[in-house]
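What follows is each chain in one-letter form.
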Amino acid sequence: MTDTQQLDDYIVNHSDPEDEYLYRLYRATNIHTIHGRMQSGHLQGRLLKMLVLMQRPKYVLEVGTFSGYSAICMAEGLREAGVDGSKLFTFEINDEMEDFTRPWIEDSAVSSWIDFRIGDACVEAPKLGVAFDMAFVDGDKRRYVETYEAILPLMNPGGIILADNTLWDGHVIDPAYDHDHQTLGIRAFNDHVRDDKRVEKVIVPVRDGLTIIRVLNDHCSGQSVLC
Ligand SMILES: C[S@@+](CC[C@H](N)C(=O)[O-])C[C@H]1O[C@@H](n2cnc3c(N)ncnc32)[C@H](O)[C@@H]1O
């Protein structure tokens, strides 16, 4: 076992456990889907739940449901925070995931906090007419800047955007990936957010990199009906 694996095990063993339902979902995702490693997993799942609890959002947006692991974790946070009428809207663009994901969400203990929709979050989320206090961006890495610009006007001042995979397995600093479209998408996003005066931001080196972005009060250009 490598030092990194040992440290990962140590971290997981000294953090809250994932419950049995999430453990089964994690395993089923790995068995029944091609890209099982895309799901959040134990450590990031506990972090997402805790960040929801700390932020106490009314409405949360997720870009990229996949098998529902992160959605269920965030909904656990919503249930525990107890904000009246709180809801997670989670979008999955790949309709082939619906048959797998919908039963896992509907059979979970937090299904009433989750509104799962098939569609492009960048197109569909603005149609909801909802202002979000939190968003988890975990969709197409090539479209991160576009996704960010689509959802930023939907955020309440003080809202938090979490962007996943922003270190992209270290490829962001590896010249061998200079022609890889996903790496280029993440690099463009990281530069874009760094230079964006509408937000505060910090990259946390958890798992594959998680950027925490806090929306400042005057982030709206005045064009959005929600602002
Ligand atoms: C990394 S996986 C999501 C993993 C999940 N959030 C989790 O942590 O368990 C990314 C998913 O985003 C979906 N996706 C990509 N672009 C999207 C978009 N614009 N709107 C909705 N879903 C999108 C992909 O089809 C894929 O299933």
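- An unreviewed UniProt entry lists the protein under the name O-methyltransferase, with Hallella mizrahii as the source organism.

**Thoughts on the pairing of strand 3 (residues 114-118)**
Regular strands show a simple pattern: their side chains alternate between the two faces of the sheet.
At step 1: Across five bridges, the pairing between strand 2 (residues 87-92) and strand 3 is parallel. Its bridge partner lying in strand 3, T90 is registered against F116.
At step 2: Each parallel crossover has a hand, and the one from strand 2 via helix 5 (residues 98-106) to strand 3 is right-handed.

**Considering the sheet that holds strand 1 (residues 59-63)**
At step 1: In space, the seven strands of this open sheet follow the order 3-2-1-4-5-7-6, with mixed pairing throughout. For this open sheet the edge positions go to strand 3 and strand 6 (199-204), each flanked by a neighbour on one side alone. Each strand axis lies, on average, 15° off the axis of its neighbour in the sheet, ignoring direction.
At step 2: Pairing analysis gives five bridges linking strand 5 (residues 155-164) to strand 7 (residues 210-215), with the strands arranged antiparallel. In the strand pairing of strand 7, D164 is matched with L210.

**Some points on the packing of aromatic side chains**
At step 1: Throughout the structure, instances matching the rule amount to seven aromatic pairs.
At step 2: Note on F100 and W104: the rings are 6.4 Å apart at their centroids and 35° apart in plane angle, and the pair reads as tilted. You can see F100 and its partner W104 sitting in helix 5, four residues apart, about one turn around the helix.
At step 3: By relative accessible area, which is 15% here, W104 ends up buried.
At step 4: Between the aromatic rings of Y148 and F189, the centroid separation amounts to 5.7 Å while the plane-to-plane angle is 85°, which identifies the pairing as edge-to-face. Remark: F189 occurs in helix 8 (residues 181-194) and Y148 occurs in helix 7 (residues 144-151); sequence separation between them is 41 residues. Of the two residues, Y148 and F189, neither departs from the other in class, the shared state being buried.
At step 5: Members of the aromatic cluster, joined through ring pairs, are Y21, F100 and W104.

**Some points on unusual backbone geometry**
At step 1: One non-glycine residue, N165, adopts positive backbone phi at about 65°.
At step 2: Residue position: N165 is located in the loop between strand 5 and helix 8.
At step 3: Here N165 falls in the buried class, since its relative accessible area comes to 8%.
At step 4: With a phi angle near 50°, R207 is a residue other than glycine that sits in the positive phi range.
At step 5: Here R207 is to be found in the loop between strand 6 and strand 7.

**A short note on the pattern of salt bridges**
At step 1: Using the criterion set out here, one finds 17 salt bridges in the structure.
At step 2: Across the salt bridge formed by R46 and E76, the nearest N and O atoms sit 2.8 Å from each other. Taken together, the residues span a long stretch of sequence, with R46 in helix 3 (residues 42-55) and E76 in helix 4 (residues 69-81) at a distance of 30 residues.
At step 3: The partner of E124 in a salt bridge is K127, with the nearest N and O atoms 3.4 Å apart.
At step 4: The partly exposed category is assigned to E124, whose relative accessible area is 27%.
At step 5: Residue classification places K127 among the exposed positions, given a relative accessible area of 60%.
At step 6: It is possible to trace a salt-bridge network through shared partners that takes in D120, R143 and E146.

The rules behind these values
Residues numbered from 1 in each chain as written. Predicted model: local features only at pLDDT ≥ 70, side-chain atom pairs only at ≥ 80, totals over all residues. Heavy atoms only, no water. Pairing = 2+ DSSP bridges. Helix = DSSP H or I, 4+ residues; strand = E, 2+ residues; numbered from the N terminus. Right-handed = clockwise from strand over helix to strand, strands pointing away. Axes fitted to C-alpha atoms, helices over the stretch in contact; angles between N-to-C directions. Phe/Tyr/Trp six-rings, centres within 6.5 Å; stacked < 30°, edge-to-face > 60°. Buried < 20%, exposed > 50% of the residue type's maximum accessible area, 1.4 Å probe, protein only. Salt bridge = Lys/Arg side-chain N within 4 Å of Asp/Glu carboxyl O.

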